[in-house]
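Summary of structural features
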Amino acid sequence: MQRFDSIDAVTSALARDGYIASDDIATTVYLAVQLGKPVLVEGPPGVGKTELARALSRCLEKPLIHLQCYEGLDEGKALYEWKYSKQLLYTQILKDQLGDILQGAVGLADSVARLHQFGDIFYSEEFLEPRPLLHALRAENGSVLLIDEVDKADEEFEALLLEILADNQVSIPEIGTVRAVSQPLVLLTSNASRELSDALRRRCLHLHIPYPDSALENRIVQARLPAIDRALREQLVSFVQQLRDLELRKAPAVSETLDWARSLVLLHASTLEPALVRRTLNVLIKHQQDLQWVLEERPGVLSGRG
Amino acid sequence: MAETLQRFIASLRDHELPIATAESLDALRVAALLGYADKQRLRLGLRAALVKHSAHLDAFETCFAQFFSAADPADGVPPQGAPGLSADSAPTGDGPSADAPALVVARAAAQLDFTPLRHATQRGLYLYRLLEIARADSRAAGTPAYRNQLEAAARAHVERILALTAQAAPRRIQQQMLKRMNLSMLEQRQHQAMQELIQQLARNLARQTRRRRRRAQRGQLDMGKTLRRNLPHQGIPMALHWRQVKPRRAKLFVCCDISGSVARHARWLLLFLYSLGEVLPATRSFVFTNTTTEVSDLFAQHGAADAIDRALRRYALGGSDYGTSLASLYGQIGGALRRNSTVLILGDARNNHAEPRVDLLQRLSAQAGRLIWLNPEPQALWDSGDSVAGTYRRICHRFVECASLQQLEKAVARLLEPR
């Protein structure tokens, strides 16, 4: 297992896993581990926010617990739920037992007193269905908890997260407070489709991952696709960088660069020919309008002249 | 060094970064972990701990560059940018005991609290105080040349601190002033700042309102749904379902007097309402002087600010006649008014002695859920001259003065309150 005891250790551990981290990312991860604080990762889609969590989980050899947020996500799906059907089934089965227990009881008060001896058996650990957040708190050897696209969830859900993020604990009314066995490393990602509350932001370290510059992107492509020809790699990275400067509806992100690089390798391309780019551009540009616009209005880009 | 960090954080707060005590503590821990030697890493670490919003990144970078580019004077390192003041150019002939002036100033500065230093006018005072302490320093020499150097060093120090703190403060003061200022007094050069401020206020208001609406959704049990959903549990209500309140699709009809003096208020009111687009669905806008024209399409086609300019150019003719305007307004919206509609009228109720047509206003008031009148005139002037404010006031559900952005904000916040 890797220990993250310096920033360089973080960088090299992630690099060995194939994740090329900028200094910014490495510093924030290092601080998060050392200070035990969650990290809020923001940035355009496809720059490796989720991938960072996966890579960290592999480096730290801790399980990755992934909670995908969506509108209407509530504590029943994120935190815990009672196993209602099991409770019902048990009450049905135990009905007969009740007669035995109450045998010989005199009067109502006595019967109730006898029932009280059994406590809240139906609201105990056995009937608790843990959901991702509770799983993360209970993981024996720690875990990497990824709360993905937290901006898609409702504001109530954010409030639910606050206790977990700040104190690594959660309160379940019927049982009490569950504390983290071993502190999980928490990453939250957001695509800024909604403003997150200040309370949530305050509890996290903030990391903004922008589109990488060409040097970094070159290293990323090389790490992921060592097979690719150097000249081709530099060509395609500079091409993608140019596309990002255009006003597209959805600029190509790192994941698209990698997809494209993979396709080019598959096609045994050794250099970027305009015809080849034209045929494979749909891997890079995901909106039909963007695609048409680039093909028709910016043929200069295709021939690599900008 | 912790003190330096504190001052850095204070300077960030001046640049409107919301940094709470908890975050300052985080920053201290970060600095302890990373050390001050590697400035680049310190910057990244502090940024992760202190900047919680991408919008604040620029301010942080500027502050950091300003603050940590110069060596910290409190550590006794002579500041850069003051040629001839470094330790090795200490003036000779002042006796062996004299320290370099910059060093003396730095020591003196450590004893002085610079936090109140915000404005350029305070420069002299702080220079004087600093020099007083510096001259009393036992390791300072007394020759005139040395005194001159000391003064130069002190001046440079005060200027640098001023540069760190003074930039942000005027902006905040200006914003506060803009909020209180009468809207008709705004000058052209303030329009940009005003627009930003309005959008900011609208954003805040929208956020608060959204939350309020959510909260109002709970409370009533949806019996039907609860029973249906719990059929698998033999009708035992295991999961409860609450009745969802549909968001209030309130229709808002905004009607602005754009004659003469009121036009300027109309501009800001409309801009404010349009910045609230997220929480104010379905707004229809009208402008009037002596007849009412709908400008909703104009607003849809152009940006709010642009559309307002066009409306003013095209329709702002002549003096206002509320009677005829109300008649044509009623003709256009009378059929569309429901209990959940709100009619918002902005005007000074100066009718040029024409017929006020109180009956029409009464009908508007009766048919709409709410009739709100915003009057940009100070209350003292209501009912003076040709004003019929008093008459209209009795009919409206609310009739408020609205001359500054502050009042406008309050009025619109009330408008958004659930009834």
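Keep in mind it's a predicted model, so treat the numbers as computed, not measured. (Residues numbered from 1 in each chain as written. Chains lettered and ligands numbered in written order. Predicted model: local features only at pLDDT ≥ 70, side-chain atom pairs only at ≥ 80, totals over all residues.)

Moving on, we get to the overall build of chain B. Helix and strand content of chain B: 17 helices and 6 strands. Contacts spanning at least 24 positions in sequence make up 71% of the contacts within chain B whose residues lie at least 6 apart. (Helix = DSSP H or I, 4+ residues; strand = E, 2+ residues; numbered from the N terminus. Contact = placed C-beta atoms within 7 Å.)

Residue and element names in this part refer to chain B. Per-residue confidence for chain B gives a mean pLDDT of 77; residues scoring 70 or more make up 83%. Across residues 72–96, confidence stays below pLDDT 50; counting only partners more than four residues off in sequence or on other chains, it has 54 contacts. We note a pTM of 0.65 for the whole complex and an ipTM of 0.82 for its interfaces. (pLDDT = per-residue confidence, 0-100.)

On a regular strand, one side chain projects to one face of the sheet and the next to the other, so that they alternate. Residues and elements named next belong to chain A. Pairing of strand β6 (residues 169–172) with strand β7 (residues 176–179) involves 4 bridges; the strand directions are antiparallel. Paired with Q169 across the bridge in β7 is R179. The antiparallel hairpin formed by β6 and β7 contains 3 residues in its connecting segment. (Pairing = 2+ DSSP bridges.)

For the rest of this paragraph, the subject is the interface of chain B and chain A. Facing 23 residues of chain B, the contacting portion of chain A comprises 20 residues. Elements that contribute at least two residues to the side of chain B that touches chain A include exactly α2 (21–34), α3 (39–50) and α9 (191–215) of chain B. Of the residues in the side of chain B that touches chain A, the class split is 11 nonpolar, 4 polar and 8 charged. (Nonpolar A, V, L, I, M, F, W, Y, C, P; charged D, E, K, R; others polar.)

For the rest of this paragraph, the subject is the sheet that holds strand β4 (residues 341–346) of chain B. Residue and element names in this part refer to chain B. The 6 strands lie next to each other as β3-β2-β1-β4-β5-β6, forming an open sheet whose pairing is mixed. Here the strands that pair on one side only, and so sit at the sheet edges, are β3 (292–294) and β6 (398–401). Geometrically, the sheet is characterised by an average inter-axis angle of 20° between neighbouring strands, direction not taken into account. Pairing geometry for β4 and strand β5 (residues 370–375), over 5 bridges, is parallel. Bridge pairing links T342 to R370 in β5. (Axes fitted to C-alpha atoms, helices over the stretch in contact; angles between N-to-C directions.)

Running from N to C, helix α2 (residues 23–35) of chain A and α3 of chain B point in directions that differ by 60°, and their axes come no closer than 9 Å. In terms of orientation, α2 of chain A lies oblique with respect to α3 of chain B. When you trace α2 of chain A past α3 of chain B, the crossing you get is right-handed. When α2 of chain A is examined against α3 of chain B, the residues D23, D24, T27, T28 and L31 of chain A are found in contact with a partner set consisting of R41, L44, G45, A48 and A49 of chain B. Here the residues of the contact of α2 of chain A with α3 of chain B are counted per class, giving 4 nonpolar, 3 polar and 3 charged. (Parallel < 35°, antiparallel > 145°, perpendicular 65-115°, else oblique. Left-handed = near helix turned anticlockwise from the far one by under 90°.)

Counting residues in each nonpolar core, the largest one holds 87 residues, and the members touching the most others are V10, L56, L133 and L187 of chain A. Counting 61 residues, the second largest nonpolar core, distinct from the first, contains M194, F299, Y315 and A368 of chain B. (Core = buried A, V, L, I, M, F, W, Y, C linked by C-beta atoms within 7 Å. Buried ≥ 20, exposed ≤ 12 C-beta atoms within 10 Å, placed from the backbone.)

Here we come to the sheet that holds strand β9 (residues 205–208) of chain A. Residue and element names in this part refer to chain A. Read across the sheet, 5 strands follow the order β2-β5-β8-β1-β9 without closing on themselves; strand pairing throughout is parallel. Strand pairing shows two members of the sheet lacking a second neighbour, β2 (64–68) and β9, which therefore form its edges. Ignoring which end each strand starts from, the neighbouring axes of this sheet average 20° apart. The sheet contact formed by strand β1 (residues 39–42) and β9 spans 4 bridges and is parallel. Across the sheet, residue E42 finds its bridge partner in β9, namely H208. Here helix α3 (residues 49–60) sits on the sheet in contact with β1, β2, β5 (144–148) and β8 (185–190), set at roughly 170° to β5.

So, about the environment of D151 of chain A. Residue and element names in this part refer to chain A. Along the polypeptide, D151 turns up in the loop between β5 and α8 (155–167). Measuring from C-alpha to C-alpha, the distance between D151 and R194 comes to 5.5 Å, with 43 residues separating the pair along the chain. Excluding anything up to four places from it in sequence, D151 contacts S190, N191, A192, S193, R194 and L196.

Below, the discussion takes up helix α6 (residues 123–136) of chain B. Residues and elements named next belong to chain B. In this model α6 runs 20 Å from its N-terminal to its C-terminal C-alpha over 14 residues, within 8% of the 20 Å that 1.5 Å per residue would give. Burial in α6 covers these residues: Y126, L130 and A134. Projection of α6 onto a plane perpendicular to its axis shows the buried side chains occupying an angular sector of 70°, all on one side. Exposed and facing more than 90 degrees away from the buried side of α6 are G124, L125, Y128, E132 and A136. (Expected span 1.5 Å × (residues − 1). Arc of directions from axis to C-beta.)

Residues and elements named next belong to chain B. In contact at an axis separation of 11 Å, helix α1 (residues 2–14) and α2 are set at 135° when each is read in the N-to-C sense. The angle between α1 and α2 places the two elements in the oblique class. For the element pair α1 and α2, the recorded crossing hand is right-handed. Residues A2, L5 and I9 of α1 pack against S24, A27, L28 and A31 of α2. Of the residues belonging to the contact of α1 with α2, the class tally is 6 nonpolar, 1 polar and no charged.

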